[in-house]
Amino acid sequence: GAGVSQSPSNKVTEKGKDVELRCDPISGHTALYWYRQSLGQGLEFLIYFQGNSAPDKSGLPSDRFSAERTGGSVSTLTIQRTQQEDSAVYLCASSLRAGGPKLNTQYFGPGTRLTVL
Amino acid sequence: GQQVMQIPQYQHVQEGEDFTTYCNSSTTLSNIQWYKQRPGGHPVFLIQLVKSGEVKKQKRLTFQFGEAKKNSSLHITATQTTDVGTYFCAIFNAGGTSYGKLTFGQGTILTVHP
């Protein structure tokens, strides 16, 4: 079946503008995660959603970052007033659910490469 | 939350040489997962280990989980150029407000010289 999809694949924006990044998880997956990966770096956790529970926002770097998940499926990560240090690849992942290690294999999307000029 | 230290950060090998990356934690882990990310690609799940002392093999890859469940290793025998990429370990947070979250190690970047 279809994997995790993300759009756009690339986004170039000017400093100070807002951007929205979209993630479509695998159908039936209730857990959805956002990560940020700077060039040559590891995965920085941003936020995760599990079903209808309140999201874990502990990784969001500032209040300029927010995310929502509508209808338990599609998620949008919004970055307001972008800064140059926001430039990175933003990866979305989904898993069947976050209720146990065997069910938490994460399937990643191709990412959105964000460049802030 | 739980943290995991992954070493080395970089590894350069000649094709045919072996490669090992290690993940270490100061606390007992409920499980550990390994992912591979090819250059320009996204992380792809390789395997999950849950039992103390567990050893699993996938062709030339051997994964181990320590007896104390505080460390894990990924060993590649006779590397090939197709093994190039970054290898991440990840641990499952089994308690607290971060239950269900995977915490990734910093990754080991493997370069294979033909």
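Here, the structure is the one placed above.
Calculation criteria
Residues numbered from 1 in each chain as written. Chains lettered and ligands numbered in written order. Predicted model: local features only at pLDDT ≥ 70, side-chain atom pairs only at ≥ 80, totals over all residues. Heavy atoms only, no water. Helix = DSSP H or I, 4+ residues; strand = E, 2+ residues; numbered from the N terminus. Buried < 20%, exposed > 50% of the residue type's maximum accessible area, 1.4 Å probe, protein only. Polar contact = N/O pair within 3.5 Å; in protein donor to acceptor, adjacent residues only side chain to side chain. Contact = heavy atoms within 4.5 Å. Salt bridge = Lys/Arg side-chain N within 4 Å of Asp/Glu carboxyl O. Disulfide = S-S within 2.5 Å. Phe/Tyr/Trp six-rings, centres within 6.5 Å; stacked < 30°, edge-to-face > 60°. Pairing = 2+ DSSP bridges. Axes fitted to C-alpha atoms, helices over the stretch in contact; angles between N-to-C directions.

A. How the structure looks around the side chain of threonine 82 of chain A. All names here are of chain A. By the secondary structure assignment, threonine 82 is in the loop between strand 7 (75–79) and strand 8 (88–95). The buried category is assigned to threonine 82, whose relative accessible area is 0%. Side-chain polar atoms of threonine 82 contact the backbone oxygen of glutamate 14, separated by 3.3 Å. Reaching out from threonine 82, the side chain makes a polar contact with the backbone oxygen of lysine 17 at a distance of 2.8 Å. In this view, threonine 82 contacts Thr13, Glu14, Lys15, Gly16, Lys17, Val19, Arg64 and Val116; residues no more than four positions away in its chain are not counted.

B. Geometry of the pattern of salt bridges. Residues and elements named next belong to chain A. Applying the stated rule across the entire model yields six salt bridges over all chains. We note a salt bridge from lysine 17 to glutamate 14, for which the minimum N-O separation is 3.6 Å. A residue is classified by how much of its surface remains accessible, and lysine 17, at 44% relative accessible area, is partly exposed. Two residues, arginine 64 and aspartate 86, come together in a salt bridge whose shortest N-O distance is 2.8 Å. Of the two residues, arginine 64 sits in the loop between strand 5 (44–50) and strand 6 (65–69) while aspartate 86 sits in the loop between strand 7 and strand 8, which places them 22 residues apart along the sequence.

C. Broad picture of the state of the cysteines. All told, the structure shown has two disulfides over all chains when counted by the stated rule. Each sulfur in the disulfide pair cysteine 23 of chain A and cysteine 92 of chain A lies 1.8 Å from the other. Residues cysteine 23 of chain A and cysteine 92 of chain A are joined by a disulfide whose S-S torsion is about -65°; by sign, that bridge is left-handed. Note that cysteine 23 of chain A is positioned in strand 3 (residues 19–24) and cysteine 92 of chain A in strand 8, a separation of 69 residues in sequence. Look at cysteine 23 of chain A and you get buried, because its relative accessible area is 0%. With a sulfur-sulfur separation of 1.7 Å, cysteine 23 of chain B is cross-linked through a disulfide to cysteine 89 of chain B. Its S-S torsion of about -90° marks the bond between cysteine 23 of chain B and cysteine 89 of chain B as left-handed, since a negative value means left-handed. Residue cysteine 23 of chain B is found in strand 3 (residues 19–24), and its partner cysteine 89 of chain B is found in strand 9 (residues 85–92); the two are separated by 66 residues along the sequence. Taking the relative accessible area as the measure of exposure, cysteine 89 of chain B reaches 0% and is therefore buried.

D. Examining the packing of aromatic side chains more closely. Going through the model one piece at a time under the given rule, you end up with twelve aromatic pairs over all chains. Judged by centre distance (5.0 Å) and plane angle (10°), the ring pair of tyrosine 33 of chain A and tyrosine 48 of chain A falls under stacked. With tyrosine 33 of chain A in strand 4 (residues 31–37) and tyrosine 48 of chain A in strand 5, the pair connects residues that are 15 residues apart, well separated along the chain. With relative accessibility at 6%, the residue tyrosine 48 of chain A sits in the buried group. Ring geometry for phenylalanine 88 of chain B versus phenylalanine 104 of chain B: centroids 6.3 Å apart, planes at 85°, classification edge-to-face. One end of the pair, phenylalanine 88 of chain B, is in strand 9; the other, phenylalanine 104 of chain B, is in strand 10 (residues 102–104), and 16 residues separate them in sequence.

E. Molecular detail of the pairing of strand 3 of chain A. Residue and element names in this part refer to chain A. Burial along strand 3 is one-sided: Val19, Leu21 and Cys23 are buried, while Glu20, Arg22 and Asp24, pointing the other way, are not. One ladder, built from three bridges, connects strand 1 (residues 5–7) with strand 3; its direction is antiparallel. Directly across from glutamine 6, in strand 3, lies its bridge partner cysteine 23. Strand direction decides the pairing type here: strand 3 and strand 7, joined by five bridges, are antiparallel. Residue pairing for strand 7: leucine 21 is matched across the bridge by leucine 77.

F. Here's a closer look at the sheet that holds strand 7 of chain A. Residues and elements named next belong to chain A. On the basis of which strands lie adjacent, the open sheet formed by four strands has the order 1-3-7-6 and antiparallel pairing. Both outer strands of the open sheet, strand 1 and strand 6, are each paired with one neighbouring strand and no more. Strand after strand, the sheet turns through a mean of 15° between neighbouring axes, direction not considered. Alignment of strand 6 against strand 7, held across five bridges, turns out to be antiparallel. The residue bridging phenylalanine 65 from the neighbouring strand is isoleucine 79, located in strand 7.

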